[in-house]
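# Breakdown of the fold
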Amino acid sequence: MNWNELLKRQPAAVRVLQGGLQKERLPHAYIFEGEAGVPKEAAARLLGQAFLCEERTTVHPCGECSDCRRVLSGSHPDLLTIEPEGASIKKGQVEMLQKEFTYKGMESAKKVYLIHEAHRMTASAGNSLLKFLEEPEGETLAILLTENLHFLLDTIVSRAQVVTFAPLPEDERAEELKEQGYTNGQAALLARIADRATVEAQEEPGAWIVQAKTVVVQLTEEVQKRPQQVLLTLQEKWLPHFQDRKEQQIGLDLLLYWYRDVLYTKLKRLSLAYPDEVERLHEEALHTSEEKVSRQLEAILDAKRQLAANVNSQLLMERLLLRLQEGF
Ligand SMILES: [Zn+2]
């Protein structure tokens, strides 16, 4: 990947990195923060290549010198990487890297190291890295990649420049999920759920999201057409499926996306969360108004806030379902 391709996907992050290269003044350490699937690693490798390239005159590495070629083939002796071994990055791994930098016959003074999933460093690995950051020898560039800045030692964060990568657009994220084996319908929903970790922690995330979707679709249909059924479905299907608060928040998110899809369908907008429910969405969109859907969305947002404030979830859902029915 080159800078122009990256610029299209991550303009803010790339401008920061190019700014550093242009001024020929990079910090000793960067932290690239962003969710799984954003091109943090591609950006880190490109930055490392630009840093090591001896022929570079602009922000772009030449692509042809021996430094560039070895970075591209993954065999540059001055570009080292660390990944978690098992669940964590251990102190020994950081020490090993430092030794390699110190003793190995290095060709130039420049060295780059990438630390994948830096939030998985144990505290002692973090402290060992910290010493390294405090006394950088020669021209050393550290790039730490992480999905969660808050799990890094504050002392490390304060010695690095943090570059934030924007989250993937929903449709791009859905494509990635499909590559991981999710169906179109599952991926479209999952891509929109902020708390994907809770879904992925289920025994069978794919089956869980399908069941969640079935419950949401059934409930919205009853709100519209069979209000006398609503409380029964709440008891028998909704409450057993969305059990703890995190799952209940996801349930409300899914409900929110349903009504947003109804609105999108009325407005003929694309990018649906329920792409395989188009017929029902059309049918519901025909029988409602924008104003009504707006009120429904507002009711769900209120419920989300109340749930966060620990209101009893059954009472909260009963009240919400009444509000959703108003006007049908
Ligand atoms: Zn080069």
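Keep in mind it's a predicted model, so treat the numbers as computed, not measured. (Residues numbered from 1 in each chain as written. Predicted model: local features only at pLDDT ≥ 70, side-chain atom pairs only at ≥ 80, totals over all residues. Heavy atoms only, no water.)

### Structural notes on the packing of helix H11 (residues 205-225) against helix H14 (residues 278-286)
- Across the interface, H11 lies against H14 with an axial gap of 12 Å and an inter-helix angle of 25 degrees. The pairing of H11 with H14 is recorded here as roughly parallel in orientation. Considering the relative orientation of H11 and H14, their crossing is left-handed. From H11, Val217, Thr220, Glu221, Gln224 and Lys225 reach across to H14, where they touch Arg280, Glu283 and Glu284.
- Considering only residue class, the contact of H11 with H14 consists of 1 nonpolar, 2 polar and 5 charged. (Axes fitted to C-alpha atoms, helices over the stretch in contact; angles between N-to-C directions. Helix = DSSP H or I, 4+ residues; strand = E, 2+ residues; numbered from the N terminus. Parallel < 35°, antiparallel > 145°, perpendicular 65-115°, else oblique. Left-handed = near helix turned anticlockwise from the far one by under 90°. Contact = heavy atoms within 4.5 Å. Nonpolar A, V, L, I, M, F, W, Y, C, P; charged D, E, K, R; others polar.)

### Thoughts on the sheet that holds strand S4 (residues 139-146)
- Pairing in this open sheet of 5 strands is parallel, and the strands run S2-S3-S4-S1-S5 from one edge to the other. Each edge of the open sheet carries a strand with a single partner, namely strand S2 (79-82) and strand S5 (161-164). Along the sheet, successive strands turn relative to each other by an average axial angle of 20 degrees, direction set aside.
- Sitting on the sheet, helix H2 (residues 11-22) touches strand S1 (29-33) and S5, and the angle it makes with S5 is about 145 degrees.
- Together, S1, strand S3 (110-115) and S4 form the strand contacts of helix H6 (residues 123-134), whose direction differs from that of S3 by roughly 155 degrees. (Pairing = 2+ DSSP bridges.)

### Points about the side chain of Thr288
- Position of Thr288 among the secondary structure elements: in the loop between H14 and helix H15 (290-308).
- Not counting the four nearest positions on each side in its chain, Thr288 is found in contact with Val262, Lys266 and Val293.

### Overview of the coordination of the zinc ion
- The coordination sphere of the zinc ion contains the protein donors Cys53 (SG), Cys62 (SG), Cys65 (SG) and Cys68 (SG), at a distance range of 2.3 to 2.4 Å.
- What the 4 donor atoms of the zinc ion show is an angle range of 104 to 115 degrees at the metal, which sorts the shape as tetrahedral.
- In primary-sequence terms, the residues that donate to the zinc ion follow C-x8-C-x2-C-x2-C. Remark: Cys65 occurs in the loop between helix H3 (40-52) and helix H4 (66-72) and Cys53 occurs in the loop between H3 and H4; sequence separation between them is 12 residues.
- What makes Cys65 buried here is its relative accessible area of 13%. (Donors = N, O, S within 2.8 Å, 3.2 Å for Na, K, Ca; no water. Tetrahedral: all angles 85-135°; square planar, octahedral: opposite > 155°, others 65-115°. Buried < 20%, exposed > 50% of the residue type's maximum accessible area, 1.4 Å probe, protein only.)

### Topic: the nonpolar core
- In terms of nonpolar packing, the biggest core is built from 49 residues, with Trp238, Leu252, Leu254, Leu255, Tyr259, Tyr274 and Leu320 touching the most fellow members.
- Top contributing element to this core by residue count: helix H13 (residues 245-266), with 11 residues.
- Ala50, Leu52, Val71 and Ile143 belong to the second-largest nonpolar core, a separate cluster that totals 27 residues. (Core = buried A, V, L, I, M, F, W, Y, C linked by side-chain atoms within 4.5 Å.)

### Things to note about the packing of aromatic side chains
- Scanning the model with the defined rule gives 6 aromatic pairs in all.
- Between Tyr113 and Phe132, the ring centres sit 5.1 Å apart and the planes meet at 40 degrees, which makes this aromatic pair tilted. In this pair, Tyr113 is assigned in strand S3 and Phe132 in helix H6, connecting sequence segments 19 residues apart.
- Ring centres 5.8 Å apart and planes at 85 degrees place the aromatic pair Trp208 and Phe242 in the edge-to-face group. In this pair, Trp208 is assigned in helix H11 and Phe242 in the loop between helix H12 (230-241) and H13, connecting sequence segments 34 residues apart. Residues Trp208 and Phe242 agree in their burial class; the two are buried.
- Joined through ring pairs, the aromatic side chains of Tyr30, Phe32 and Phe165 make up one cluster.
- Its guanidinium or amino end placed over the ring of Phe51, Lys110 lies 5.2 Å from that ring's centre, counting from NZ or CZ.
- The aromatic ring of Tyr264 is capped on one face by Arg269, whose charged end is 4.2 Å from the ring centroid. (Phe/Tyr/Trp six-rings, centres within 6.5 Å; stacked < 30°, edge-to-face > 60°. Lys NZ or Arg CZ within 6 Å of the ring centre and 35° of its normal.)

### Describing the layout of surface pockets
- In this model, the largest pocket occupies a volume close to 430 Å³.
- Contributing to the lining of the largest pocket are 17 residues, with Glu35, Ala36, Glu147, Arg196 and Glu200 lying nearest its centre.
- The set of elements that each furnish at least two residues to the lining of the largest pocket consists of helix H8 (170-179) and helix H10 (196-200).
- Residue contributions to the lining of the largest pocket reach at least three from each of two domains, namely domain 1 (3-164) and domain 2 (170-325). (1 Å grid on protein atoms, 1.4 Å probe; cavity = no way out; pocket = protein on both sides within 12 Å on 5 of 7 lines; lining within 4 Å. Points joined across faces, edges and corners; volume = space filled by probe spheres on them. Domains from an automatic or database assignment.)

### Here's the deal with the pattern of salt bridges
- All chains considered together, the criterion is met by 22 salt bridges.
- Linking Glu283 and Lys225 is a salt bridge whose minimum nitrogen-to-oxygen distance equals 3.6 Å. With a gap of 58 residues between them, Glu283 in helix H14 and Lys225 in helix H11 connect regions that are remote in the sequence.
- Between Arg280 and Glu284 there is a salt bridge, with its nearest N and O atoms 2.5 Å apart. (Salt bridge = Lys/Arg side-chain N within 4 Å of Asp/Glu carboxyl O.)

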